[in-house]
Amino acid sequence: MSNVWIINLKDNRTGHDKHDDKKFGICLKYNIIAIGWGKESSRIAEARAFNRADNAIKRMNAGDYVWTKNPKSKQEVYLFRVVDDVINDYIIEGNTFFIDNDISKSRNVELVKRFSAGEKLPDGLERSDIVARSTAENVSKEKRNYLIEATKKYVASL
């Protein structure tokens, strides 16, 4: 089975509301999941967090599944599938629209399922299970095998 990931699509920049869903909405519109850190100064200042997120984006493969929540409602949960092995780097491309919206690197995805507020998640999962302690992280079998198994079972049922 493909890997399972969780990503936070919120804008954590100073002076921005991390619970705003603008970045999240842009990701939905363009069928991407993304990390921020669009300025070299922020990458240096937050090197550990940036490197962890950057490594996660680089390690995702076509066919992997990614869970996320709308940062504004926290009740809408989304399951995406990574569609290719392309890593979009908007700094190299010079794409200021994405950079200005806290999107510096992304992966192309397709929506598998949107679970609206109140809608049950598959196989007994709870919204509190869809939590990443960092911006993007791989769901490890040792720590959260139930999330991997529920994702695998759900995808197989489609």
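Here the structure is a predicted model, which is why all the values come from computation and not from measurement.

**Focus on unusual backbone geometry**
Argument step 1. The phi torsion at Asp-102 lies on the positive side, around 65 degrees, for a residue other than glycine.
Argument step 2. Examined against the element boundaries, Asp-102 turns out to sit in the loop between helix H5 (96-100) and strand E5 (105-115).
Argument step 3. Taking relative accessible area as the criterion, Asp-102 reaches 7% and is therefore assigned buried.
Argument step 4. Within the chain, Asp-123 stands out as a residue other than glycine whose phi angle is a positive 50 degrees.
Argument step 5. Take Asp-123: it is sitting in the loop between E5 and strand E6 (136-138).
Argument step 6. Asp-123 sits in the partly exposed class, given a relative accessible area of 48%.

**Here's the deal with helix H1 (residues 22-30)**
Argument step 1. Those residues of H1 that fall on the buried side of the exposure criterion are Lys-23, Phe-24, Ile-26 and Cys-27. All buried residues of H1 fall inside an arc of 160 degrees around its axis, so they share one side. Facing away from the buried side of H1, by more than 90 degrees, are the exposed residues Lys-22 and Lys-29.
Argument step 2. Summarising the contacts, the buried residues of H1 are in contact with strand E2 (32-35), strand E3 (65-69), strand E4 (77-89) and H5.
Argument step 3. One or two residues past the end of H1 sits Asn-31, with phi positive at roughly 55 degrees.

**Things to note about the sheet that holds E5**
Argument step 1. An order of E2-E5-E4-E3-E1-E6 is seen for the six strands of this open sheet, with the pairing classed as mixed. Edge positions in the sheet fall to E2 and E6, since each of these pairs with one other strand and no more. Adjacent strand axes in the sheet meet at a mean angle of 35 degrees, parallel and antiparallel pairs treated alike.
Argument step 2. On the sheet, H1 packs against E2, E3 and E4 and is oriented at approximately 140 degrees with respect to E2.
Argument step 3. Here helix H3 (residues 47-59) sits on the sheet in contact with strand E1 (4-7), E2, E4, E5 and E6, set at roughly 155 degrees to E2.

**A short note on the pairing of E5**
Argument step 1. Alignment of E2 against E5, held across four bridges, turns out to be antiparallel. By the bridge assignment for E5, Ala-34 is matched with Ser-106.
Argument step 2. The pairing of E4 with E5 spans nine bridges and is classified as antiparallel. Paired with Asp-89 across the bridge in E5 is Lys-105.

**Brief notes about the confidence of the model for the protein chain**
Detail in the predicted coordinates should be disregarded across regions flagged by low pLDDT.
Argument step 1. With 97% of its residues at a pLDDT of 70 or more, the protein chain shows a mean pLDDT of 90.
Argument step 2. For the protein chain, helix H2 (residues 40-45) is the element with the lowest average pLDDT, namely 84, and E5 is the one with the highest, namely 97.

**Things to note about the nonpolar core**
The nonpolar side chains of a soluble globular protein tend to be buried, and buried together.
Argument step 1. Among the nonpolar cores identified, the biggest contains 26 residues, and Ile-7, Ile-33, Ile-35, Met-60, Val-66 and Ile-103 are the most heavily contacted of them.
Argument step 2. For this core, the elements supplying multiple residues, two or more each, are E1, H1, E2, H3, E4 and H5.
Argument step 3. Leave out the neighbours within four places in its chain, and Ile-33 touches Ile-7, Leu-9, Cys-27, Ile-57, Met-60, Val-66, Phe-80, Lys-105, Ser-106, Arg-107 and Val-109.

Definitions and limits used
- Chains are numbered independently. Their residues run from 1 in the order of the written sequence.
- Confidence filtering applies because this is a predicted model: local features only for residues at pLDDT of at least 70, side-chain atom pairs given and counted only at 80 or more, and all residues used for totals across whole chains, interfaces and linings.
- Heavy atoms from the whole structure form the basis of all side-chain values; hydrogens and water molecules are not counted.
- Put simply, DSSP H or I for four residues or longer makes a helix, DSSP E for two residues or longer makes a strand, and each gets a number counted from the N terminus.
- Think of it in three bands: residues with accessible area under 20% of the maximum for their type are buried, residues over 50% are exposed, and the middle band is partly exposed, with areas taken using a 1.4 Å probe on protein chains only.
- Starting at the helix axis, one direction is taken to each C-beta atom, and the arc is that of these directions.
- In this analysis, two residues are considered to be in contact whenever any of their non-hydrogen atoms come within 4.5 Å of each other.
- Criterion used throughout: strands pair if DSSP finds at least two bridges between them.
- Lines are fitted to the C-alpha atoms to define the axes, a helix being fitted only along its stretch in contact, and any angle between axes, read from their N-to-C directions, falls within 0 to 180 degrees.
- Per-residue confidence from the predictor is reported as pLDDT, which spans 0 to 100.
- As used here, the term nonpolar core means buried Ala, Val, Leu, Ile, Met, Phe, Trp, Tyr and Cys residues forming a set that is joined through side-chain atoms within 4.5 Å.

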